[in-house]
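Summary of structural features
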Amino acid sequence: MSISPLADLDGRLAPFRNGISASPEWHARRSMAEMLGMIRNRHQSKERLVRHALILESVVDYLRSGKVMRPADISLLCLGAGWLDGEGRGILADRKLRRKLLILAQTITGRRSRLKAFRSLLYAYWSFPLHDAATSTKAVRGWRELRDWLKVRRAEINLLPSRKPMWFNILGQHLHLLDENPCAKYAKALLRGNMGELQHAIDCLFIPADSWLKTEAVMAQITEASQWQDEAFHALLPGLLKLATGDAGIRLTDGVTRRAIARLVMRYARQKQHQPHEDLFILALGKFGNPWRQQPSWDVLVCDEGGNPCLLSREMVSAWLKDRMIGEFFEDGGGEESRSELWRKYAVFMQMISLAVPWKKDRALVVRIGEFLVIVPQKTDESIVTYPWETFVANGGARLLDKDAVDGVRMQKIIDHCRPALRLGQANPAQCDRMLRGMLLSSGAREN
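Residues numbered from 1 in each chain as written. Predicted model: local features only at pLDDT ≥ 70, side-chain atom pairs only at ≥ 80, totals over all residues. Heavy atoms only, no water.

**Some remarks on the packing of helix H11 (residues 230-244) against helix H12 (residues 254-269)**
Rules: A fitted line through C-alpha atoms serves as each axis, taken over the contacting stretch for helices, and the angle formed by two N-to-C directions is quoted from 0 to 180°. Helix and strand assignments follow DSSP, with helices taken as H or I runs no shorter than four residues and strands as E runs no shorter than two, numbered in order from the N terminus. Orientation labels follow simple angle bins: below 35 degrees gives roughly parallel, above 145 gives roughly antiparallel, 65 to 115 gives roughly perpendicular, and whatever is left gives oblique. Here a crossing is called left-handed whenever its near helix is offset anticlockwise from the far helix by less than a right angle, and right-handed whenever the offset is clockwise. Residue contacts are counted whenever heavy atoms from the two residues lie within 4.5 Å of one another. When residues are sorted by character, Ala, Val, Leu, Ile, Met, Phe, Trp, Tyr, Cys and Pro go into the nonpolar class, Asp, Glu, Lys and Arg into the charged class, and all the rest, Gly among them, into the polar class.
Where H11 contacts H12, the axes come no closer than 11 Å and their chain directions differ by 165 degrees. With respect to H12, the axis of H11 lies roughly antiparallel. Like other packed secondary-structure pairs, H11 and H12 cross with a definite hand, here left-handed. Residues Asp230, Phe233, His234, Leu237, Leu240, Leu241 and Ala244 of H11 form the contact with H12, whose participating residues are Thr257, Ala260, Ile261, Leu264, Arg267 and Tyr268. Partitioned by chemical class, the residues of the contact of H11 with H12 number 9 nonpolar, 2 polar and 2 charged.

**Here we look at unusual backbone geometry**
The linkage connecting valine 357 with the following residue, proline 358, adopts the cis geometry, with an omega of -5 degrees. For phenylalanine 206, which is not a glycine, the phi torsion comes out positive at approximately 55 degrees. By the element assignment, phenylalanine 206 lies in the loop between helix H9 (196-204) and helix H10 (212-225). Notably, lysine 360 is not glycine yet its phi reads approximately 50 degrees, a positive angle. Along the chain, lysine 360 falls in the loop between strand E1 (350-359) and strand E2 (362-369).

**Observations regarding a positive patch on the surface**
Operational definition: Patches here: salt-bridge-free residues with over 30% relative accessible area, like charges joined within 9 Å, nonpolar side chains (Val, Leu, Ile, Met, Phe, Trp, Tyr) joined within 5 Å. Here the accessible surface of atoms and residues is derived via Shrake-Rupley with a 1.4 Å probe, and residues count as covered only by protein chains that are part of the display. One side-chain nitrogen of Lys or Arg within 4 Å of one carboxyl oxygen of Asp or Glu is enough to make a salt bridge. A residue counts as positive if it is Lys or Arg and as negative if it is Asp or Glu; His and the chain ends are not included. By convention, the charge on Lys lies at NZ, on Arg at CZ, on Asp at CG and on Glu at CD. Any residue under 20% of the maximum accessible area for its type is buried, any over 50% is exposed, and the rest in between are partly exposed; the area is computed with a 1.4 Å probe on protein chains only.
Residues Arg51, Arg111, Arg112 and Lys116 make up a contiguous surface patch of positive charge. Along the chain, the position of arginine 51 falls in helix H2 (residues 29-65). A relative accessible area of 36% places arginine 51 in the partly exposed class.

**With respect to the packing of aromatic side chains**
The geometry of an aromatic ring pair is captured by two quantities: the separation of the ring centres and the angle between the planes. The following threshold applies: Under the pairing criterion, centres of Phe, Tyr and Trp rings, with the six-membered ring standing for Trp, must be within 6.5 Å; the plane angle then separates stacked pairs below 30 degrees from edge-to-face pairs above 60, leaving the rest tilted. Note on criteria: charge over ring means Lys NZ or Arg CZ within 6 Å of the ring centre, with the direction from the centre no more than 35 degrees off the ring normal.
Overall, the coordinates contain 16 aromatic pairs when judged by the stated rule. Summarising the aromatic geometry, the rings of phenylalanine 118 and tryptophan 149 are spaced 6.2 Å apart at their centres and angled 35 degrees between planes, so their arrangement reads as tilted. Here tryptophan 149 lies in helix H6 (residues 137-159) and phenylalanine 118 lies in helix H5 (residues 111-127), a separation of 31 residues in the sequence. Like tryptophan 149, phenylalanine 118 is buried. With a centroid separation of 4.8 Å and an interplanar angle of 80 degrees, the aromatic rings of phenylalanine 329 and phenylalanine 330 are classed as edge-to-face. Residue phenylalanine 330 is classed as buried on the basis of its relative accessible area of 6%. Grouping aromatic residues by their ring pairs yields a cluster made of Tyr125, Trp126, Phe128, Trp143 and Trp212. Taking the ring centre of phenylalanine 233 as reference, the NZ or CZ of arginine 267 above it sits at 4.9 Å.

**Examining empty space enclosed by the protein**
Spelled out, the test is: The way it works is a 1 Å grid over only the protein atoms, where trapped points that fit a 1.4 Å probe form a cavity and open points with protein on both sides within 12 Å along at least five of seven lines form a pocket, and then any residue with an atom within 4 Å of a point lines it. Grid points are joined across faces, edges and corners, and a volume is the space filled by probe spheres set on the points.
Per the counting criterion, the structure on display carries 1 cavity of 30 Å³ or more. When its volume is computed, the largest cavity comes out at roughly 50 Å³. If you trace the largest cavity, you find it lined by Arg339, Leu342, Trp343, Ile384, Gly425, Gln426, Pro429 and Cys432. Listing elements by their share of the lining of the largest cavity, those giving two or more residues are helix H16 (339-345) and helix H19 (429-443). It is H16 that provides the largest number of residues to the lining of the largest cavity, a total of 3 residues. Across the lining of the largest cavity, the residue classes break down as 5 nonpolar, 2 polar and 1 charged.

**Remarks on the confidence of the model for the protein chain**
Here is the rule: pLDDT is defined as a per-residue confidence score from the predictor, taking values between 0 and 100.
When the pLDDT values of the protein chain are averaged, the result is 87; 87% of them are 70 or greater. Low pLDDT, under 50, characterises residues 15-47; the predicted model gives this stretch 2 contacts beyond four residues in sequence or across chains.

**Here's the deal with helix H18 (residues 408-415)**
To be explicit about the condition: Note that the arc is computed from the directions linking the helix axis to the C-beta atoms. Here a polar contact is taken to be a pair of N or O atoms separated by no more than 3.5 Å, where protein atoms must pair a possible hydrogen donor with a possible acceptor and residues adjacent in sequence count only if both atoms sit in side chains.
Taken residue by residue, H18 has Gly408, Met411, Ile414 and Ile415 as its buried positions. Burial along H18 is one-sided: seen end-on, the buried residues are contained in an arc of 120 degrees. Capping the start of H18 is the job of one residue whose side-chain oxygen sits 3.0 Å from the backbone nitrogen of valine 409: aspartate 407.

Here it is as structure tokens:
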């Protein structure tokens, strides 16, 4: 029996009236979605690689020739403006080339092209290797010039009556990111564990995941916490140490870690009352070295905002290290009548301290106090011997004392050519104390 055309059409439309049901083949839709995602990722990854190669080629050619052959190259050059090669060369590091590019970005024909160039330079601003050790001061100056240009150019574009894209309007809400301290606004929230506002800015402005901005967010928190009262700062310190060492999820360069540790040490030294903080002090020793052997390093790296060395910080860590070395050497518990307690009283007069190993089948503490080199044997039945410092140095002894552990055999050979200034018995701590006081008074030793 034949079916009328209307009946045939009615039968074909039935699935739409009843609702489309999933066929058995669609039960694997999750796997298909995963495959689609993988295909997209592969395509985008290849696209990014091709794009990156094209940008790099344009930048290298521009650095070599100083010429822009096509208007389309301007956007590529703007995207790659923040790139530096292995020797630190790049557009931002070259004053003439970067200024030429900024003029081209501002004057290129077409409103869309000018906006695209601005956005590309904004990306270069985010992606610049600001905190890399290889980034030169010259390149950083160029990056700062770009930052100022972006701020001025954004204000100019904003005055135009035309409609602005969403990302441009969002940038207007986060203009502090073009300031000297871009993350100061987020610091209090970040210290409370709330990074929503910062993350919103990162997401909306398409800031790269490895941008210097996250590093600045770490430094902003340390700066903010350093302004808090002693008790609050001390409570935050364990978390701040994790931030400073990259253990809080944000990887830092060694230079940034040194800056962070320096600020924490200086703030800790300014407390009205404090106990030694071993974790912080050990980190400081690792980054700046021994306070009395690497004093130039401390004076350069641990400075206040005016660039002045923070002597308080260095002396704080120095005192702790001397106490620790003395305590570990004597291992007598540090009681009132102990040798370690006796020598800790004189630590403030010590310009340096080392350990001589071996020393007559044992070891000895080697200390400079005032104008004397003092050798304190481990065994109590051996006398403390002091030598004039100038004589010791004249015989080549100073070069031995550049480490915490000294070659005792070489030390003995040098002092064999020096005449002792004083011998002190260790059996009577009170008598030893009196003789040390007399030695200090006679030499006019000052606190270190």
